[in-house]
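One letter stands for each residue in the lines below.
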Amino acid sequence: MSVKTNEEIIKHKLHEVEEKLKHQDFFSHYILETLDNFAYRYFDNPKKAEQISGGVTRVCAIENGIKEAIKLKIPELRAGIADLVKRVSKEQGPTILREIKVTKRLHEASRGGIYEISARISFGHPEHDFKADTYVEKLSTLNFDDDIQFRNTLARKLEEVCELFC
């Protein structure tokens, strides 16, 4: 029975990960799973992450009332919430929508690509369709040379944009 060195173990694991990432289903599943994990950290009662089109994956949560959103010190959000309170009474139940989204701009398996990562808070009750002046957003671009780099960088980029929720 041979004893593998740490270097051999790392090479073997890296090869396994590369093989899995070559399959688009695994790549999509990885993004969905990562978004679910972030939703669990940043949202109360999030919906399940979903792929809403070929290159767009998102997770969101509806917040009933403005209690949590009003705590944020973002001037545009505070102004939007003030407008929301004028339009929708407490009895009618104003809502805020929080969303984390990953959008593919370019991706060639094993060759890298570009993804846009965003976090948004909508005060456009009741539709929450992200029309101009109905939301605030934080964006980041993830440029990567290979799928391993994407896998190792996605969480950091999500963390950056999710600062919007703090």
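Whatever comes next refers back to the structure up there.
A brief look at the structure comes next.

Conventions used here
- Numbering of residues starts from 1 in each chain and follows the order in which that chain's sequence is written.
- The predicted nature of this model means local features are confined to residues of pLDDT at least 70 and side-chain atom pairs, given and counted, to a pLDDT of 80 or more, with totals for whole chains, interfaces and linings taken over all residues.
- Side-chain measures were taken over the full set of non-hydrogen atoms in the model, leaving aside hydrogen atoms and water.
- For two strands to be treated as a pair, DSSP must find at least two bridges joining them.
- The helix and strand labels rest on DSSP assignments: H or I over at least four residues marks a helix, E over at least two residues marks a strand, and numbering proceeds from the N terminus.
- Helix axes are fitted to C-alpha atoms over the stretch in contact, other axes to C-alpha atoms as well, and angles between N-to-C directions run from 0 to 180 degrees.
- A cavity here means a set of points on a 1 Å grid, drawn over the protein atoms and nothing else, where a 1.4 Å probe fits but cannot get out; a pocket is an open set with protein on both sides within 12 Å along at least five of seven lines, and a residue lines either one if it has an atom within 4 Å of a point.
- Grid points are joined across faces, edges and corners, and a volume is the space filled by probe spheres set on the points.
- Three residue categories are used. Nonpolar comprises Ala, Val, Leu, Ile, Met, Phe, Trp, Tyr, Cys and Pro, charged comprises Asp, Glu, Lys and Arg, and polar comprises the others, including Gly.
- Stacked, edge-to-face and tilted are the three classes for Phe, Tyr and Trp ring pairs, Trp counted by its six-membered ring, which pair at centre distances within 6.5 Å; planes under 30 degrees apart are stacked, over 60 edge-to-face, the rest tilted.
- Buried means the residue's accessible area, taken with a 1.4 Å probe over protein chains only, is under 20% of the maximum for its type, while exposed means over 50%, and partly exposed covers the values in between.
- Salt-bridge detection follows one rule: a side-chain nitrogen of Lys or Arg within 4 Å of a carboxyl oxygen of Asp or Glu.

Turning next to the sheet that holds strand β3 (residues 95–108). The five strands lie next to each other as β1-β2-β3-β4-β5, forming an open sheet whose pairing is antiparallel. Strands with a single pairing partner mark the edges of an open sheet, and in this sheet they are β1 (50–53) and β5 (135–144). Between one strand axis and the next, the sheet turns by 25° as a mean value, whatever way the strands run. Two strands pair when backbone bridges link them, and β3 and strand β4 (residues 112–122) are joined in this way by 11 bridges, in the antiparallel orientation.

The next subject is empty space enclosed by the protein. In the structure shown here, the tally under the stated rule is one cavity of 30 Å³ or more. If you go around the largest cavity, you meet 12 residues; those closest to its centre are Ile31, Gln51, Gly54, Thr57 and Tyr115. Only α2 (24–42), β2 (56–64) and β3 provide two or more residues apiece to the lining of the largest cavity. At four residues, α2 tops the list of elements feeding residues into the lining of the largest cavity. Taken together, the residues that form the lining of the largest cavity break down as five nonpolar, six polar and one charged.

By volume, the largest pocket amounts to about 240 Å³. Residue lining of the largest pocket: 14 residues in total, with Phe43, Asp44, Glu63, Glu68 and Arg98 positioned closest to the centre. Top contributing element to the lining of the largest pocket by residue count: β2, with four residues. Taken together, the residues of the lining of the largest pocket sort by class into six nonpolar, two polar and six charged.

Our next topic: unusual backbone geometry. For the bond from His125 to Pro126, the omega torsion is 0°, close enough to zero to count as cis. In this fold, Pro126 is placed in the loop between β4 and β5. Notably, Asp133 is not glycine yet its phi reads approximately 65°, a positive angle. If you trace the backbone, Asp133 turns up in the loop between β4 and β5.

Let's shift gears to the packing of aromatic side chains. Taken as a whole, this structure holds seven aromatic pairs when the rule is applied. With 6.3 Å between their ring centres and 10° between their planes, Phe38 and Tyr42 make a pair best called stacked. Of this pair, Phe38 and Tyr42 are both found in helix α2, four residues apart, which corresponds to roughly one turn of the helix. Each member of the pair, Phe38 as well as Tyr42, is classed as buried.

The next point concerns the pattern of salt bridges. Oppositely charged side chains may form a pair once their charged atoms are brought near each other. Across all of its chains, the model carries 13 salt bridges by this definition. As a salt-bridge pair, Glu99 and Arg120 come within 2.7 Å of each other at their nearest N and O atoms. Here Arg120 lies in strand β4 and Glu99 lies in strand β3, a separation of 21 residues in the sequence. In terms of burial, Glu99 and Arg120 fall into one category: buried. Put simply, Glu163 and Lys138 hold a salt bridge, and the shortest N to O gap is 2.9 Å.

What follows deals with the pairing of β1. Where β1 meets β2, three bridges bridge the pair, whose relative direction is antiparallel. For Gln51, the partnering residue across the bridge sits in β2 and is Thr57. Here β1 hands over to β2 after two residues, the two strands then running antiparallel side by side.

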